[in-house]
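Given next are the chains, with one letter for each unit.
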Amino acid sequence: MNVEYVSANPTGPLHVGHARGAIFGDALAALLEFAGWDVTREYYINDAGAQVDVLARSAHFRYQEAHGRAVEIAPGLYPGDYLAPVGVAMKAVFGDTLLDRPEAEWLPVVREFAITAMMAMIREDLAALGVTMDRFQSEAALAAQGKVEAALARLSEQGLIYQGVLEPPKGKTPEDWEPREQTLFRSTAYGDDVDRPVKKSDGGWTYFAPDIAYHFDKVSRGYDLLIDVFGADHGGYVSRMKAVVAALSERKTPLDVKLVQLVKLFRNGEPFKMSKRAGDFVTLRDLVDQVGPDVARFTMLMRKNDAPLDFDFAKALEQSKDNAVWYVQYANARAHSVLRSGAEAGIGEAEIGAADLSSLTHEGWIDIAKKVAEWPRLMEMAAESHEPHRVAFYLFDLAGAFHALWNRAREEEALRFLQAGDEAGAPARLAMAKAVSVAISAGLGILGVTPVTEMR
RNA sequence: GCACCCGUAGCUCAGCUGGAUAGAGCGCUGCCCUCCGAAGGCAGAGGCCAGGGGUUCGAAUCCCUUCGGGUGCGCCA
């Protein structure tokens, strides 16, 4: 199967919204892999639209700047200073050969250079989060291979493409609305509300057209299941993408679209003030630098994908019960602590593996055993419903049960893992610690969070 | 106006796809501990599951509807 996520435009650094999509998609992919699927993690590069021309012009300004010219970035371009190194790099490669030339001459060259640089930066950002993609699919490459025309021809054969005029949207009719004939895709035949334009009135493709080609490409690769992870602002695209995949696969390839809601940033309960100046936003890298990949990942996975997320930087780093990441890590560290002590006392893997658990009749042991026993079923449900957050919540519950057992043992000697005078029962009790640790480690592994074995 | 998502404790959120007295964390109240296995522990109060209707032996969960919030809605990607 195929999971597509992030797919941010290659025009700048990834921000926190992208981070959530990346973390969600990555955890979902790992979860499905765990469930037995062969998963391709894919990133779709929008490197063919107008936005990459804007990128190229912005980069060309930085290129001039690298030549010592005092230039002012024109309005409408990307002002972020992340393009400055790109300008310097271009000077090193091209010298002054791209200066004072007509745009038509330098644009394709600068565009390709800048896109390559942006994608390198994006890969680094993703790597900082622990996210690695299997495949990067270029929109421009698909277009160059005539895939857009081919996909549209396919739909045309099915009688799903026609010339028509759309009704204006009710209620908020734009001032300049006038009926225009466009090339439309009959998505209503597959459950959409209205038919969708694939060509603009000037004859150029809409954004939808290359997306059709891209999904046709994915269908053609023979996946049993496609999953798209989109930002919530792409919610309006879900029904048309489902329609087009159904049409192109003769309803054989299911497409599940997961919408990831917005992230609101806080610090000590106060909303994070962001300057409105374009190009100034909280980047994925800022996030990782401040809280680390483990905290970023677990915190964002403690929320359903379709619910908005409040992310508090201060809380994320707190070491207490309100910090779920810390709490789960702590449980694992405690489990490993007793396992280490056991090993020192001569009770190792072999003894634990051969332990007879029937001696664990105390209610406290039964409780933790029940919780551990939920693990397989829970993982199965999480994978089936495409909801990695369930794993995170389960780990939090399991850690809670383990801490509760631990605390009870202060009063009740019988619930201690290592008891002076009852060495014979230690292997069985340590087996419970081992089971908790295995469940937590495997669960955290799927979420992409390092399972620590010691608190520092 | 239409579509999608959301509405569960004071706050932030879970709720195993229709099952028994609806859960957690924070906050609040009250005890205990602050020595041995960590950076505390235990208990309690607090819910018309937004409102209404329906399906069902049974609904927070499924359907319809109202209200409230978010996102999006041809020639932007």
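Conventions and cut-offs
Residues numbered from 1 in each chain as written. Chains lettered and ligands numbered in written order. Predicted model: local features only at pLDDT ≥ 70, side-chain atom pairs only at ≥ 80, totals over all residues. Heavy atoms only, no water. Helix = DSSP H or I, 4+ residues; strand = E, 2+ residues; numbered from the N terminus. Buried < 20%, exposed > 50% of the residue type's maximum accessible area, 1.4 Å probe, protein only. Near = heavy atom within 4 Å. Polar contact = N/O pair within 3.5 Å; in protein donor to acceptor, adjacent residues only side chain to side chain. Nonpolar A, V, L, I, M, F, W, Y, C, P; charged D, E, K, R; others polar. pLDDT = per-residue confidence, 0-100. Contact = heavy atoms within 4.5 Å. Pairing = 2+ DSSP bridges. Right-handed = clockwise from strand over helix to strand, strands pointing away.

### Some remarks on unusual backbone geometry
No. 1: With a phi angle near 55 degrees, D100 is a residue other than glycine that sits in the positive phi range.
No. 2: The phi dihedral of E250 is positive, around 55 degrees, even though this residue is not glycine.
No. 3: Mapped onto the fold, E250 is located in the loop between α8 (238-248) and β8 (255-260).

### As for the environment of G164
No. 1: For G164, the position within the fold is in strand β4 (residues 161-165).
No. 2: According to the relative accessible area criterion, G164 is buried, its value standing at 10%.
No. 3: Each C-alpha atom of the pair G164 and T183 lies 6.4 Å from the other, and the pair is 19 residues apart in sequence.

### Examining the protein's contact with RNA strand B
No. 1: Near RNA strand B, the surroundings consist of 49 residues, among which Q51, W177, R180, Q319 and Y330 are the closest.
No. 2: K200 places a polar side-chain atom, nitrogen or oxygen, 3.2 Å from a phosphate oxygen of RNA strand B.
No. 3: Side-chain polar atom of H389 to a phosphate oxygen of RNA strand B: 3.0 Å apart, as the coordinates give it.
No. 4: Counting only elements with at least two residues in the surface near RNA strand B, the list comes to α11 (324-344), α14 (375-384) and α15 (389-411).
No. 5: It is α15 that provides the largest number of residues to the surface near RNA strand B, a total of seven residues.
No. 6: Of the residues assigned to the surface near RNA strand B, the class counts are 19 nonpolar, 12 polar and 18 charged.

### Section: the confidence of the model for chain A
Where the model shows low pLDDT, its predicted coordinates should not be examined in detail.
No. 1: With 95% of its residues at a pLDDT of at least 70, chain A reaches an overall mean of 89.
No. 2: Per-element averaging of pLDDT across chain A places strand β10 (residues 270-271) at the bottom with 70 and helix α3 (residues 84-94) at the top with 97.
No. 3: pLDDT under 50 marks residues 275-279. Its contacts with residues more than four places away, or in other chains, come to three contacts.

### Quick look at the pairing of β8
No. 1: Sheet topology note: the strand β7 (residues 226-231)/β8 ladder contains six bridges and is parallel. Across the sheet, G231 pairs through a bridge with V260, a residue of β8.
No. 2: Taken together, β7, α8 and β8 constitute a β-α-β crossover, and its handedness is right-handed.

### Comments concerning the environment of M379
No. 1: Following the sequence through the fold, M379 ends up in helix α14.
No. 2: When the C-alpha positions of M379 and E413 are compared, they lie 33 Å apart, and in sequence the two are 34 residues distant.
No. 3: Excluding residues that lie within four positions of it along the chain, M379 makes contacts with L31, F34, V391 and I446.

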